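For reference, the chains in residue letters:
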Amino acid sequence: GMAPLERGVTVHAILEGVMKEYCGRNLQAVPETELRRSVASRGREALEKSRPAGIPDLLWEIERDTILGLLDEWIVYEKERAGEDLSPAGLEQAFGNIAPGENHPAFRLAAGRHAFDFRGRIDRVDLSGDGKRARVIDYKTGSLPDTMTRKTRTPLMSGERIQIAVYRGALSALEAFQNVEEVEGEYLHLQQKDGRVARCFFSAGELREAARNLPEILSILGDGIENGRFFARTAGSGWPGGHCSYCDYLPICGKDRTQREERKAADPAVRKFLGILETDQ
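Structural notes, computed from the coordinates.

Criteria and thresholds
Residues numbered from 1 in each chain as written. Predicted model: local features only at pLDDT ≥ 70, side-chain atom pairs only at ≥ 80, totals over all residues. Heavy atoms only, no water. Helix = DSSP H or I, 4+ residues; strand = E, 2+ residues; numbered from the N terminus. Contact = heavy atoms within 4.5 Å. Polar contact = N/O pair within 3.5 Å; in protein donor to acceptor, adjacent residues only side chain to side chain. Buried < 20%, exposed > 50% of the residue type's maximum accessible area, 1.4 Å probe, protein only. Pairing = 2+ DSSP bridges. 1 Å grid on protein atoms, 1.4 Å probe; cavity = no way out; pocket = protein on both sides within 12 Å on 5 of 7 lines; lining within 4 Å. Points joined across faces, edges and corners; volume = space filled by probe spheres on them. Nonpolar A, V, L, I, M, F, W, Y, C, P; charged D, E, K, R; others polar.

### Observations concerning the environment of D85
Among the secondary structure elements, D85 is positioned in the loop between α3 (57-80) and β1 (86-95). Beyond its immediate stretch of four places on either side in the chain, D85 contacts L127, S128 and G129. Side-chain polar atoms of D85 contact the backbone nitrogen of G129, separated by 3.5 Å.

Here it is, written out as structure tokens:
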């Protein structure tokens with residue numbers, strides 16, 4: 001089937017194309033049949049262009065139709081919340097210079113002795129009619145981790161998921177969103193494994209708290225980078241089962257990585273690094 005990265009890029013492009021067609025319009029007023037036609041048309045065209053070489057016809061039809069069915073579920077989800085006074089106002093919203101010829105202000109964040117300039121693209125920004133409320137959305141094509149459904153989850157997940165918090169800050173650097181007073185955010189997972197749309201939502205209050213905690217986390221990371229200290233983490237807040245299964249540098253750490261991590265835990269330098277866990281509580 002499609003490689004995960006290729007699938008993600010293709011689905012993002014389909015979602016962007018559909019939303020661009022209706023950007024600025026009240027989705028509640030758009031007939032659902034019209035949305036379904038748009039998704040089906042764009043989806044089939046984009047997926048056929050991304051079809052993996054050599055895949056048998058039957059297997060490809062199964063994968064293609066699974067993704068199209070998932071996109072159909074996404075339409076149902078968007079129609080259900082279309083009356084919330086938040087409409088798509090920005091798609092692939094850039095901040096910082098990320099491509100030749102594109103000049104956008106970066107989101108600069110002071111963190112202790114360091115300053116971080118963030119650049120990127122926000123998948124989608126929804127805006128209220130009066131321009132004072134916004135919602136930043138990041139699309140994901142993988143499964144929503146169980147840890148992100150618990151009451152203990154935070155927007156930062158001990159520094160492992162800072163994306164939504166950074167997107168919130170990026171709006172303050174963009175002229176089009178200067179009137180925004182409240183920002184909420186979400187990771188929107190389109191899960192191919194079960195065909196469901198899973199949402200991890202963060203309120204404006206939660207993101208304000210994350211904005212207060214993020215500089216301290218970045219300060220610790222900045223000190224580590226400056227001093228050449230890069231500590232292994234075999235398990236984390238987002239994926240407590242560990243990050244090693246998909247890490248490109250696994251051979252460097254070796255098979256005894258967990259034991260060595262435990263032995264070094266009392267080192268003062270490591271203790272400072274582990275302060276990230278305590279900051280995001």
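### Examining the pairing of strand β2 (residues 107-111)
Of the two faces of β2, the one holding F107, L109 and A111 is buried and the one holding R108 and A110 is not buried anywhere. Sheet topology note: the β2/strand β3 (residues 114-118) ladder contains five bridges and is antiparallel. In the sheet register, L109 faces β3, and the bridge partner there is F116. From the end of β2 to the start of β3, which pair antiparallel, there are two residues, and G112 there has a positive phi angle of about 65°.

### Some details on the layout of surface pockets
Within this model, the largest pocket holds a volume of roughly 560 Å³. As for the largest pocket, its lining consists of 20 residues, of which L221, F231, R233, F273 and I276 are closest to the centre. Sorting elements by how many residues they give to the lining of the largest pocket places helix α5 (residues 204-226) first, with six residues. By residue class, the composition of the lining of the largest pocket is ten nonpolar, five polar and five charged. By volume, the second largest pocket amounts to about 320 Å³. P4, L5, R7, G8, V9, H12, Y139, K140, T141, G142, S143 and H189 together form the lining of the second largest pocket. Those elements that provide at least two residues to the lining of the second largest pocket are α1 (4-22) and β5 (133-140). Looking at the lining of the second largest pocket element by element, the count peaks at six residues for α1.

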